[in-house]
Amino acid sequence: MATTAPIKVDTETDELVSHAAHFLSRSKKDIVDAAVREYIDTHRDEINAGIKAALGRLNGTDETAVAVMTGLSEEELDDLGGMPA
């Protein structure tokens, strides 16, 4: 059985989801699930390109991994105190 996790959306988005669910006779969960899957399918090439670019920057060091995850350059990380030894 799949587990569920709460997500937070603004009030306007919640209202849109509620209306769509009501008029399509589906649950809000079904509407959000379908919307996210459709969005990812539509943007799959962009997502894959981002993944490939991130993997291309990784060189096996913790510094590079943190830089990729945070969006900071390795120089910016050094300016902030660098990585613990």
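Described below are features of the structure shown in this document. (Residues numbered from 1 in each chain as written. Predicted model: local features only at pLDDT ≥ 70, side-chain atom pairs only at ≥ 80, totals over all residues. Heavy atoms only, no water.)

One can find T64 in helix 4 (residues 62-70). Ignoring anything within four residues of it in the chain, the contact list for T64 reads R57, L58, N59 and E74. (Helix = DSSP H or I, 4+ residues; strand = E, 2+ residues; numbered from the N terminus. Contact = heavy atoms within 4.5 Å.)

On the surface, a cluster of negative charge is contributed by D62, E63, E74, E75, E76, D78 and D79. Elements supplying a minimum of two residues to the negative patch: helix 4 and helix 5 (74-79). No other element matches the 5 residues that helix 5 contributes to the negative patch. Inspection of the secondary structure assignment puts E75 in helix 5. (Patch = residues over 30% accessible without salt bridge, like charges linked within 9 Å, V, L, I, M, F, W, Y side chains within 5 Å. Areas by Shrake-Rupley, 256 points an atom, 1.4 Å probe, with all protein chains shown as cover. Salt bridge = Lys/Arg side-chain N within 4 Å of Asp/Glu carboxyl O. Lys, Arg positive; Asp, Glu negative; His and termini not counted. Charge placed at Lys NZ, Arg CZ, Asp CG, Glu CD.)

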